[in-house]
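Each chain is listed here by its residues.
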Amino acid sequence: MIKKYIFGAPIETEAVITTIPECKDIPEAGIISLDNGFSWTYTMADDDIVYGLGEANRGINKRGYIYVNNCNDEPLHTEDLESLYAAHNFIVLSGRRNMGLFFDYPAKITFDIGYSYQDTLTVCCEGSDLTLYIIDGTSALDVIRQFRKIIGRSYIPPKFAFGFGQSRWGYKTEKDFKDVVEGYRSRHIPLDMVYMDIDYMEDYKDFTVNPQNFPDFEAFVKDMKASKIHLVPIIDAGVKIEDGYSIYEEGKAGGYFCKREDGSDFAATVWPGRTHFPDVLNTEARQWFGSKYKVLTDAGIDGFWNDMNEPAIFYSDEGMDDLQAFLKDFAAMDPEEIPQFLLNDKVNGIKNSPRDYAAFYHDMDGIKVRHDKVHNLYGYYMTRAAGEAFDRICPGRRVLMFSRSSYIGMHRYGGVWTGDNKSWWSHLLLNIKMMPSLNMCGFLYTGADLGGFSGNTTRDLLLRWLAFGVFTPLMRDHSALGTREQECYRFERPEDFRHVISVRYRLIPYLYSEFMKAALNDDLYFKPLAFAYPDDPMATSIEDQLILGNEVMVTPVYTQNAPGRYVYLPEEMLFVKFMPDGSIFSEIMAAGHHYIQVALNEVPLFVRKGHCIPLAAPAETVDAIDTRNLELLGYEGATYTLYDDDGVSKDYDLAGHYKTYAK
Ligand code: GLC
């Protein structure tokens, strides 16, 4: 049961695509105040759980903290950080009442979930123009599935995107890319994708390729394809201001960039230097920007990642002018009188400043809207630009696409990666906890930078993180410029990495099948344990084990120097370990608490009682997986219905894609 309430005159975000009649009553759940902006306050019962918020900090149960959805380019994801890159304004209360709330409001919005008062949930926005959807259901999962239905089917990538990908900020030349491929292939570590970070471009200009480093890009892409490698270039939000650069010239001539109040094009400095932001909230500008991806698809590219689309601003023209004026005054000040933190605050405050976000405008098809009122839509609409363009450029075929910034609605056009994490064990745990929440909000094709983006990784962290990444739809090792080299072959005993990643490839038929079922049925790929075992009170408090699809429970090890971990089994299950010699260890374990031993080069999983999963022979690329000869792993007498297709067409709903196997 879904009720839709409209307050004021909300901006149409197109997050929800189902027509739902407006309910004119006052919502009976919670107390609404329109005195100072909008707020919704609800008293939680002691054991109510609050799920949702997608890409957000902390746990699966969001109680006990405050979250500010205001897409934020902040790479230091400490435990107290309130805003990450995305704004997924959907929460689900589970307990006394199973109720979902989607606040369709594209500006800054705060979710105080028992932070100010332990039992009080308050959601507030500065403005009061929004659409609120309240969904009642029989369980949290039921609420989520109703929500997923009204926001439309989740993005489905091509099948190759379930392979393993290597990325690093800093690969520049053809040789750099070939060396990575050689590094993997020569050690027989499976690999399907190599990501191209900003250095493939000419001076960080979108839709250009550096001609010195790639004298014949098309031939290079072809060459890579012949070695079964998909190159996946990055596209940034800012378009470099440079006379003669065709994208800049076209954007300027078409009036396609975001404007200041006075109508001039707003300028912000990002990687390429001074840039303009394409006004992707304007249909014509969006079509124009989207059509540019063709420059790369024409060269054979079939995947992209959209970045810096909060949009990130290192500084604006105005911000820099201000800072320079301040520094002049500062230099003239008496050092004795300078407040301690003034300089730091002033210099740091120039980045992603609220003042800048309030200084430019969108032309939303005739309506002039100040950016900060729709800030959280930018990444969504940049990715929508690409998604809509792909339908024109290569109709009927899937293109790999994921974005850093997002809002609900974007889940129809692409997946997400969770941005600039660190090589910290705590970020491996955060990755585990974030996955089901993202799924609840429609984002199924998701993953984190395995091994950690900034900071120096360690061999054991990378191995443990990969052993979890085996299960995340997006499995990518990515690291920042200047950090320790993080490709799997850089470490001692690369055969351990080969083994862990090979397990992924053995599981791809299953993972892909469960992903597709989740996408096609508005279901979750990763669920909290409580969703599968609603009557088990212990299951509700477990956040470091996940149910994958319908058959599997994953129990990653996320602590350094730990020889294994404690696990909780709500029922009897089959414990499986993929051993480094290629064999499979399995043992039935009774319900309850256990300590499982897991060596660094082993991958553990549990098969749920009465189930089985298909397993392919090891392969080095997705293409080479033999899906016709699958063995079944699990309980005798169990059956499994496999979904499979050609991995590129969009004829998802054919009955012929399903085949049932019996063990
Ligand atoms: C941003 C991205 C990161 C990328 C870097 C350089 O920090 O989040 O993934 O490597 O920019 O493009």
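In what follows, the accompanying structure is described. (Residues numbered from 1 in each chain as written. Predicted model: local features only at pLDDT ≥ 70, side-chain atom pairs only at ≥ 80, totals over all residues. Heavy atoms only, no water.)

**Remarks on the packing of helix α11 (residues 425–440) against helix α12 (residues 459–469)**
Here is step 1: For the pair α11 and α12, interaxial distance at closest approach is 10 Å and the crossing angle is 5°. When the interaxial angle is binned, α11 and α12 end up roughly parallel. Here α11 contributes W425, H427, L428, N431, I432 and M435 to the contact with α12, which in turn contributes D460, L461, R464, W465 and F468.
Here is step 2: Grouping the amino acids of the contact of α11 with α12 by side-chain chemistry returns seven nonpolar, two polar and two charged. (Axes fitted to C-alpha atoms, helices over the stretch in contact; angles between N-to-C directions. Helix = DSSP H or I, 4+ residues; strand = E, 2+ residues; numbered from the N terminus. Parallel < 35°, antiparallel > 145°, perpendicular 65-115°, else oblique. Contact = heavy atoms within 4.5 Å. Nonpolar A, V, L, I, M, F, W, Y, C, P; charged D, E, K, R; others polar.)

**Here we look at the environment of I547**
Here is step 1: Within the fold, I547 resides in strand β29 (residues 546–548).
Here is step 2: If we skip the residues at most four places from it in the chain, I547 touches Y525, F526, K527, P528, L529, A532, Y533, V552, M553 and R608.

**Digging into the site of the ligand**
Here is step 1: Contacts to the ligand come from 13 residues, most closely from D197, D307, R404, D420 and H478.
Here is step 2: Between D197 and the ligand, the recorded distance is 2.5 Å, taken from a side-chain N or O atom to an oxygen atom.
Here is step 3: Side-chain polar atom of D307 to an oxygen atom of the ligand: 3.1 Å apart, as the coordinates give it.
Here is step 4: Bound to the protein, the ligand loses 98% of the 310 Å² it would expose on its own.
Here is step 5: Residue composition of the shell around the ligand, by class: eight nonpolar, one polar and four charged. (Near = heavy atom within 4 Å. Polar contact = N/O pair within 3.5 Å; in protein donor to acceptor, adjacent residues only side chain to side chain. Areas by Shrake-Rupley, 256 points an atom, 1.4 Å probe, with all protein chains shown as cover.)

**A word on the pattern of salt bridges**
Here is step 1: Overall, the coordinates contain 45 salt bridges when judged by the stated rule.
Here is step 2: With its nearest N and O atoms 3.8 Å apart, the salt bridge here joins D523 to R145. Highlighted residues: D523 in the loop between α13 (494–520) and β28 (526–528) and R145 in helix α1 (residues 140–151), separated in sequence by 378 residues. (Salt bridge = Lys/Arg side-chain N within 4 Å of Asp/Glu carboxyl O.)

**Structural notes on the packing of aromatic side chains**
Here is step 1: Taken as a whole and assessed by the stated rule, the structure comprises 58 aromatic pairs.
Here is step 2: With 5.4 Å between their ring centres and 70° between their planes, F207 and F289 make a pair best called edge-to-face. Taken together, the positions of F207 in the loop between β13 (193–196) and α3 (217–226) and F289 in helix α5 (residues 283–291) put the pair 82 residues apart, joining distant regions of the chain.
Here is step 3: On the basis of relative accessible area, F289 is assigned to the buried category, the value being 1%. (Phe/Tyr/Trp six-rings, centres within 6.5 Å; stacked < 30°, edge-to-face > 60°. Buried < 20%, exposed > 50% of the residue type's maximum accessible area, 1.4 Å probe, protein only.)

**Focus: the sheet that holds strand β15 (residues 239–240)**
Here is step 1: Read across the sheet, four strands follow the order β15-β17-β16-β19 without closing on themselves; strand pairing throughout is antiparallel. Edge positions in the sheet fall to β15 and β19 (315–316), since each has one partner strand and no second. (Pairing = 2+ DSSP bridges.)

**Some points on α3**
Here is step 1: Within the span of α3, buried status applies to F217, F220, V221 and M224. For α3, the angular spread of the buried residues around the axis is 100°, confining them to a single face. The exposed set on the far side of α3, more than 90 degrees from its buried face, consists of K222 and A226.
Here is step 2: Where α3 terminates, the next one or two residues include K228, which has phi positive at roughly 65°. (Arc of directions from axis to C-beta.)

**Remarks on the side chain of N439**
Here is step 1: Mapped onto the elements, N439 comes out in helix α11.
Here is step 2: In contact with N439, not counting residues within four places along its chain, are R148, L444, T446, L524, Y525 and F526.

**Observations regarding the sheet that holds β29**
Here is step 1: If you walk across this open sheet you meet the six strands as β28-β29-β30-β35-β32-β33, and the pairing is antiparallel. Strands at the two margins of the open sheet, each flanked by one partner only, are β28 and β33 (584–589). Taken over all neighbouring pairs, the strand axes of this sheet differ in orientation by 30° on average, direction set aside.
Here is step 2: Summarising the sheet, strand β30 (residues 552–554) and strand β35 (residues 603–608) pair through two bridges and their orientation is antiparallel. Within β35, the residue paired with M553 across the bridge is F606.

**Thoughts on the pairing of strand β8 (residues 99–104)**
Here is step 1: Within β8, six of the six residues are buried, which leaves it mostly tucked inside the rest of the structure.
Here is step 2: Residues M99, L101 and F103 line one face of β8 and the alternating positions G100, F102 and D104 line the opposite face, and both faces are buried.
Here is step 3: Examined bridge by bridge, strand β7 (residues 90–94) and β8 share four bridges and lie antiparallel to one another. Its bridge partner being in β8, V92 is matched across the sheet by G100.
Here is step 4: Linkage of β7 to β8, two consecutive antiparallel strands, is achieved through a turn of four residues, within which G95 is found at a positive phi near 150°.

**Describing the state of the cysteines**
Simply put, disulfide is the name for a covalent bond between the sulfur atoms of two cysteines.
Here is step 1: Applying the stated rule across the entire model yields zero disulfides.
Here is step 2: Here C258 is not disulfide-linked; the sulfur of C71 is the nearest cysteine sulfur, at 15 Å. (Disulfide = S-S within 2.5 Å.)

Limitation: the analysis is restricted to geometry and does not speak to function.
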